[in-house]
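Residue-level structural notes
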Amino acid sequence: RKNGAKTMSSAFSDYLEYTVLRQTMKQTDSGNLVATAIWLGLHQTNLTDTAGTSGTEVSTTGGYTRFQSTAADWTVNTAGTILAKNAGALSFPINASGSAYVVTDVGIWRHSSNNLSSDLMFRGTLSASVTVNLNDTFQFAASALTITVS
């Protein structure tokens with residue numbers, strides 16, 4: 001008889017990747033995993049997995065708020081690489097303050113509050129930082145925001 005211990009790798013199966021993305025992005029969970037909406041936040045520094053300790057969200061003084069996203073905003077594919085993409089454009093409020101801000105990261109949150117302890121679900125760094133000047137609007141074009149789970 002042989003006894004042993006093995007730590008499993010953290011890779012999800014395709015089924016679990018699909019289920020997590022579908023329940024989170026399409027808000028189909030009945031077990032309160034997600035709220036009735038999810039919220040996209042723009043960040044000026046890198047986010048890490050530990051909410052509340054990293055990243056600087058754009059200030060609300062210029063009219064910025066997190067973008068409220070609903071199930072209709074997302075598609076989740078079931079073949080090939082399991083991923084979610086935004087189905088249409090996702091537009092944030094106009095920058096009405098007198099100063100520009102630079103966006104480097106995006107976070108997907110469970111709550112609307114503009115703080116770093118409101119249940120970060122997904123995070124990512126943009127492929128290139130974006131400067132949002134006075135009277136500009138930050139927007140993700142359709143299919144420009146891709147979310148994967150592994």
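Above: the structure in question.
Just so it is clear, the model here is predicted, and its values are computed rather than measured. (Residues numbered from 1 in each chain as written. Predicted model: local features only at pLDDT ≥ 70, side-chain atom pairs only at ≥ 80, totals over all residues. Heavy atoms only, no water.)

The three strands lie next to each other as E3-E4-E9, forming an open sheet whose pairing is antiparallel. Since the sheet does not close on itself, it has two edges, and those belong to strand E3 (74-76) and strand E9 (146-148), each with one partner. Put simply, the sheet's adjacent strands are angled 20 degrees from each other on average, direction ignored. Across three bridges, E3 lies against strand E4 (residues 83-86) in antiparallel orientation. What sits directly across from Trp74, in E4, is Asn86. Along the sheet, helix H1 (residues 14-25) makes contact with E3, E4 and E9, crossing E3 at roughly 165 degrees. (Pairing = 2+ DSSP bridges. Helix = DSSP H or I, 4+ residues; strand = E, 2+ residues; numbered from the N terminus. Axes fitted to C-alpha atoms, helices over the stretch in contact; angles between N-to-C directions. Contact = heavy atoms within 4.5 Å.)

Take a nonpolar patch on the surface next. A surface patch of nonpolar side chains, about 320 Å² in accessible area, is lined by Phe12, Tyr15 and Leu16. Relative to the elements of secondary structure, Tyr15 occurs in helix H1. Classification of Tyr15 as exposed rests on a relative accessible area of 63%. (Patch = residues over 30% accessible without salt bridge, like charges linked within 9 Å, V, L, I, M, F, W, Y side chains within 5 Å. Areas by Shrake-Rupley, 256 points an atom, 1.4 Å probe, with all protein chains shown as cover. Salt bridge = Lys/Arg side-chain N within 4 Å of Asp/Glu carboxyl O. Buried < 20%, exposed > 50% of the residue type's maximum accessible area, 1.4 Å probe, protein only.)

Here we take up the environment of Phe67. Tracing the backbone shows Phe67 in strand E2 (residues 67-69). Residue classification places Phe67 among the buried positions, given a relative accessible area of 16%. Put simply, Phe67 and Trp39 are 28 residues apart on the chain and 5.3 Å apart in space, counted from C-alpha to C-alpha.

Applying the stated rule across the entire model yields one salt bridge. Notably, a salt bridge pairs Arg66 with Glu57, separated by 2.8 Å at the nearest N-O pair. Since its relative accessible area comes to 5%, Arg66 is described here as buried.

This part takes up unusual backbone geometry. Phi at Asn135 takes a positive value of approximately 70 degrees, unusual for a residue other than glycine. A positive phi is found at Ser143, a non-glycine position, where the angle reads about 65 degrees. Residue placement: Ser143 occurs in the loop between strand E8 (137-140) and E9.

Another point: the sheet that holds strand E7 (residues 120-132). Strand order in the open sheet made by the four strands is E2-E1-E6-E7, with antiparallel pairing throughout. Looking along the sheet, the strands with just one partner apiece sit at the ends: E2 and E7. Across this sheet, the average inter-strand angle for adjacent strands is 25 degrees, counted without regard to direction. Alignment of strand E6 (residues 101-109) against E7, held across eight bridges, turns out to be antiparallel. Note on E7: the bridge partner recorded for Gly107 is Arg123. Relative to the sheet, H1 contacts strand E1 (38-43), E6 and E7, its axis offset from that of E7 by approximately 75 degrees.

All we've got here are geometric facts, nothing functional implied.
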